[in-house]
Amino acid sequence: MVLREIICPKLNTTSCLDILFEQLSNIPEYCEQVSLNFRNVDFITPSGALTLALVSQDICRKGKIILLSEVNTEILSYLERIDYFQTFPEKIILSRHNSSFESFWRSSKSHNLLEITPIPCEQLNNAYAQALFLPRAEAVLMNSFAKQANSIEKILTMISEIAGNIIHSNDQGYCTIQTYSKDGRVRIHTAIGDFGIGIRKSLLEFNDIQLIEEADFITHALKLGTSSKEGARGLGLAGVYESIQGLSGGFWVRSGTAGILLQGKSFKIFSNLNYVPGTQVEMSVRQ
Amino acid sequence: MNLSAIDIAEKAGLISPKWLISREFGLQFLPKLEQELDKLSINDVLYLNMLDISLLEWSFADEVFGTLSVKLGNGDFPSKYLVLENLSEVSKENLDIALRTRPEREGKQIRNLGLPVRQNGEIVFVGKMEEHLKPVWAYILSHSQVTAREIAEHLELEVNIASTKLKTLFDIRLLKRLEYRSEVGKQYIYTQI
């Protein structure tokens with residue numbers, strides 16, 4: 001068995017996807033097993049869970065097996081709670097060091113997180129998936145944000161719209177949500193993304209637009225929507241841009257080599273990032 | 001006629017009828033709603049009750065209510081009216097985003113497009129309306145019926161200009177219009193729906 005080890009970066013930052021994807025790109029085709037070493041991982045946020053899901057999907061699609069090693073018990077337990085093992089059945093094995101974990105496996109459906117949820121790109125399946133996971137997402141949000149029905153509805157609208165955008169990506173995506181409480185205040189983190197065609201290609205497919213920079217395509221999608229040629233389509237990200245300004249928190253959208261961070265009225269552009277396929281969105285809302 | 005959006009969603013086969021989400025489900029919902037509009041008699045109003053809807057997301061709103069607003073504005077379902085009621089604040093905002101931005105996605109100039117929404121017994125307009133029509137609309141909301149002459153006097157306009165404004169609001173199905181004959185010829189009275 002030809003094995004290649006990747007040292008997994010901390011899975012609690014936005015940049016973890018860049019780092020992990022770059023390492024993944026260096027894995028030779030003939031390698032049959034990829035070992036993800038978790039010795040640096042002590043906390044996983046929704047963006048980390050999304051990163052893990054997207055990278056694992058990519059590895060599995062190449063016919064490789066994932067070996068998890070040096071995973072601490074809390075992280076293993078968390079991976080179980082977010083349905084990581086169920087999402088990639090029979091594709092993930094634990095190193096000998098972690099193999100006793102099986103006896104601690106517990107059920108998912110936690111009250112403060114939405115497990116890694118696959119979102120298909122086929123239009124009807126995408127709608128069905130949303131119809132199933134949005135009530136679950138609502139229950140998670142209600143648990144923490146019960147007195148803020150308007151905020152919950154806004155967040156659900158944004159999640160639904162971003163999840164709906166995955167139909168333009170030509171690839172399956174994932175969604176995950178986690179709520180955190182500290183000192184009586186609640187934060188909701190959401191990550192949704194895919195390794196599909198990305199915003200630039202999606203825009204060029206449906207529009208006659210003359211843009212060059214990757215960040216300009218994201219800006220266009222945020223301010224004007226993703227398409228106009230097909231009449232009614234493409235309102236998603238533009239609506240999110242309008243809605244997020246009424247909430248307390250931040251919004252990060254990344255596609256290709258660029259990313260944009262929205263916080264209130266501030267709009268920061270990040271160019272020349274490492275290339276990552278598809279589009280990934282993170283949203284953080286505070287109570 | 002009063003209808004529940006949840007009932008229409010069930011008829012349309014939506015698996016979670018309280019969740020009005022995605023263009024796909026919108027495409028299933030729209031023909032069922034259009035069937036109900038077809039059944040209306042002339043000058044009848046369909047009140048679509050959105051109570052207990054968990055979410056009306058803007059893609060769905062665009063696919064159903066954006067499309068329907070365009071059709072109503074083009075003269076489809078003549079003399080039949082649609083009013084949405086009991087929308088949550090966020091669903092109303094989502095509807096507004098969908099309708100206000102719809103003309104850009106139509107790829108042709110549409111100056112006015114929207115739907116009346118009844119909240120707590122009062123009618124409000126949601127969508128895109130030209131500024132010069134807003135005083136006319138505001139006047140109508142406080143009067144059960146008006147004529148072009150009345151609007152002309154109230155807003156200090158020529159009668160023909162007032163008449164054009166009223167017709168525009170009638171064309172996007174915000175007003176009903178009754179025809180009568182007077183000594184000066186054919187006249188119209190516009191009423192709230």
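Residues numbered from 1 in each chain as written. Chains lettered and ligands numbered in written order. Predicted model: local features only at pLDDT ≥ 70, side-chain atom pairs only at ≥ 80, totals over all residues. Heavy atoms only, no water.

Engineer: Any details on the interface of chain B and chain A? Residues and values, ideally.
Structural biologist: Of the residues lining the interface, 28 residues belong to chain B; the matching set on chain A comes to 29 residues. Taken together, the two surfaces of chain B and chain A that pack against each other cover about 2500 Å², and 61% of this comes from carbon and sulfur. Among the residues chain B hides against chain A, the three largest losses belong to Trp19(B), Trp58(B) and Arg105(B). Together they make up 28% of the total. Where chain B packs against chain A, one counts 1 salt bridge. Put simply, Lys154(A) and Glu93(B) hold a salt bridge, and the shortest N to O gap is 3.6 Å. (Contact = heavy atoms within 4.5 Å. Buried area = accessible area lost by both parts, 1.4 Å probe. Salt bridge = Lys/Arg side-chain N within 4 Å of Asp/Glu carboxyl O.)

Engineer: Account for helix H3 (residues 73-81) of chain A, naming residues and giving values.
Structural biologist: All names here are of chain A. Of all 9 residues making up H3, 7 are buried, and the element is well covered by its neighbours. Three or more residues of H3 are buried, namely Ile75, Leu76, Ser77, Tyr78, Leu79, Glu80 and Arg81. Buried-residue contacts for H3 involve helix H2 (46-61), strand E3 (65-69), helix H4 (84-87), strand E4 (92-94), strand E5 (113-119) and strand E6 (173-182). A side-chain oxygen of the first residue of H3 lies 3.0 Å from the backbone nitrogen of Glu74; this N-cap is Asn72. Count one or two residues on from H3 and you reach Asp83, which has phi positive near 65°. (Buried < 20%, exposed > 50% of the residue type's maximum accessible area, 1.4 Å probe, protein only. Helix = DSSP H or I, 4+ residues; strand = E, 2+ residues; numbered from the N terminus. Polar contact = N/O pair within 3.5 Å; in protein donor to acceptor, adjacent residues only side chain to side chain.)

Engineer: Got a sec to walk through the sheet that holds strand E9 (residues 175-182) of chain B? Specific residues and values, please.
Structural biologist: All names here are of chain B. In space, the 3 strands of this open sheet follow the order E8-E10-E9, with antiparallel pairing throughout. Only two strands of the sheet have a single partner each, and these edge strands are strand E8 (145-146) and E9. In this sheet, strand E10 (residues 185-192) lies alongside E8 in antiparallel orientation, the contact comprising 2 bridges. Paired with Gln145 across the strands is Thr191, a residue of E10. Packing of helix H7 (residues 159-171) onto the sheet brings it into contact with E8, E9 and E10, and relative to E9 it is tilted by some 135°. (Pairing = 2+ DSSP bridges. Axes fitted to C-alpha atoms, helices over the stretch in contact; angles between N-to-C directions.)

Engineer: Summarise a positive patch on the surface; cite the residues concerned and give the values.
Structural biologist: Together, Lys182(A), Arg185(A), Arg187(A) and Arg286(A) make up a region of like positive charge exposed at the surface. Position of Arg185(A) relative to the elements: it lies in strand E7 (residues 185-194). (Patch = residues over 30% accessible without salt bridge, like charges linked within 9 Å, V, L, I, M, F, W, Y side chains within 5 Å. Areas by Shrake-Rupley, 256 points an atom, 1.4 Å probe, with all protein chains shown as cover. Lys, Arg positive; Asp, Glu negative; His and termini not counted. Charge placed at Lys NZ, Arg CZ, Asp CG, Glu CD.)

Engineer: Before we move on, can you summarise unusual backbone geometry with the specific residues and values?
Structural biologist: Of note in the backbone geometry, Asp183(A) takes a positive phi value of approximately 50° without being a glycine. Note on placement: Asp183(A) falls in the loop between E6 and E7. If you check the backbone angles, Arg173(B) has positive phi at about 65° while not being a glycine. Judged by its relative accessible area of 5%, Arg173(B) falls in the buried class.

Engineer: Would you mind going over the packing of aromatic side chains in detail, with residue names and values included?
Structural biologist: In total, this model carries 11 aromatic pairs over all chains according to the counting rule given. On the basis of an interplanar angle of 70° and a centroid distance of 5.4 Å, the ring pair of Phe21(A) and Phe195(A) is categorised as edge-to-face. Of the two residues, Phe21(A) sits in helix H1 (residues 16-25) while Phe195(A) sits in the loop between E7 and helix H7 (198-206), which places them 174 residues apart along the sequence. A relative accessible area of 10% means that Phe195(A) is categorised as buried. Taken together, a centroid distance of 6.3 Å and an interplanar angle of 70° make the contact between Phe170(B) and Tyr190(B) edge-to-face. Of this pair, Phe170(B) sits in helix H7 while Tyr190(B) sits in strand E10, placing them 20 residues apart in sequence. (Phe/Tyr/Trp six-rings, centres within 6.5 Å; stacked < 30°, edge-to-face > 60°.)

Engineer: Explain the packing of helix H5 (residues 134-141) of chain B against helix H6 (residues 148-155) of chain B residue by residue, including any values.
Structural biologist: Residue and element names in this part refer to chain B. Where H5 meets H6, the closest approach of the two axes is 11 Å, and the angle between their N-to-C directions is 115°. Accordingly, the angle class assigned to the pair H5 and H6 is roughly perpendicular. Relative to H6, the crossing made by H5 is right-handed. For the pair H5 and H6, contact is made by Pro135, Val136 and Tyr139 and by Glu150, Ile151, His154 and Leu155, respectively. For the contact of H5 with H6, the class distribution of residues is 5 nonpolar, 1 polar and 1 charged. (Parallel < 35°, antiparallel > 145°, perpendicular 65-115°, else oblique. Left-handed = near helix turned anticlockwise from the far one by under 90°. Nonpolar A, V, L, I, M, F, W, Y, C, P; charged D, E, K, R; others polar.)

Engineer: Break down the nonpolar core for me, citing the residues and quoting the values.
Structural biologist: Phe251(A), Leu20(B), Leu33(B), Leu48(B), Phe65(B), Leu82(B) and Leu95(B) are the most contacted members of the largest nonpolar core, which totals 87 residues. A per-element tally of this core places helix H3 (residues 58-73) of chain B first, with 8 residues. Contacts of Leu33(B), omitting those with residues within four sequence positions, involve Ile8(B), Leu46(B), Leu48(B), Val64(B), Phe65(B), Leu68(B) and Leu82(B). Counting 42 residues, the second largest nonpolar core, distinct from the first, contains Leu50(A), Leu76(A), Leu79(A) and Leu94(A). (Core = buried A, V, L, I, M, F, W, Y, C linked by side-chain atoms within 4.5 Å.)

Engineer: How would you sum up the sheet that holds E3(A)? Please name residues and give values.
Structural biologist: Residues and elements named next belong to chain A. Taken in spatial order, the 4 strands make up an open sheet running E1-E2-E3-E4, and their pairing is parallel. The open sheet is flanked by strand E1 (3-7) and E4, the only strands paired with a single partner. Across the sheet, the mean angle from the axis of one strand to that of its neighbour is 25°, orientation sign disregarded. As judged from the 3 bridges shared by E3 and E4, these two strands associate in the parallel manner. What sits directly across from Leu67, in E4, is Ile93.

Engineer: So what's going on with the side chain of Arg173(B)? Which residues, and what values?
Structural biologist: Residues and elements named next belong to chain B. Topologically, Arg173 is positioned in the loop between H7 and E9. Asp76 provides the closest opposite charge to the buried, unpaired Arg173, separated from it by 6.7 Å. Setting aside anything within four residues of it in sequence, one finds Arg173 in contact with Leu72, Gly75, Asp76, Phe77, Pro78, Ser79, Lys80, Tyr81, Pro116 and Ile193.

Engineer: Describe the confidence of the model for chain A, and please don't skip the residues or the numbers.
Structural biologist: Regions with low pLDDT should not have their predicted coordinates read in detail. Residues and elements named next belong to chain A. Summary statistics for chain A give a mean pLDDT of 86 and a share of 90% for residues scoring 70 or more. Helix H9 (residues 236-244) is the least confidently modelled element of chain A, averaging 74 in pLDDT, while H2 averages 95, the highest of any element. Low pLDDT, under 50, characterises residues 227-232; the predicted model gives this stretch 17 contacts beyond four residues in sequence or across chains. (pLDDT = per-residue confidence, 0-100.)

Engineer: Can you tell me about the pattern of salt bridges, naming the residues and giving the values?
Structural biologist: Side-chain pairs of opposite charge can arise whenever the charged atoms involved come near each other. Residue and element names in this part refer to chain B. The final tally for this structure, using the stated rule, is 20 salt bridges over all chains. Close ionic contact of Glu63 with Arg23 constitutes a salt bridge, the shortest N to O distance being 3.1 Å. Separated by 40 residues along the polypeptide, Glu63 in helix H3 and Arg23 in helix H2 (residues 23-39) bring together distant segments of the chain. With respect to burial, Glu63 and Arg23 carry one shared label: buried. Between Lys71 and Glu34 there is a salt bridge, with its nearest N and O atoms 2.6 Å apart. Of this pair, Lys71 sits in helix H3 while Glu34 sits in helix H2; the two residues are 37 residues apart in sequence, bridging distant segments of the chain. Given a relative accessible area of 26%, Lys71 falls into the partly exposed group. Residue Glu34 is classed as buried on the basis of its relative accessible area, which comes to 14%. Taken together, the shared-partner salt bridges in this structure form one network comprising Arg23, Asp62, Glu63, Arg102 and Glu106.

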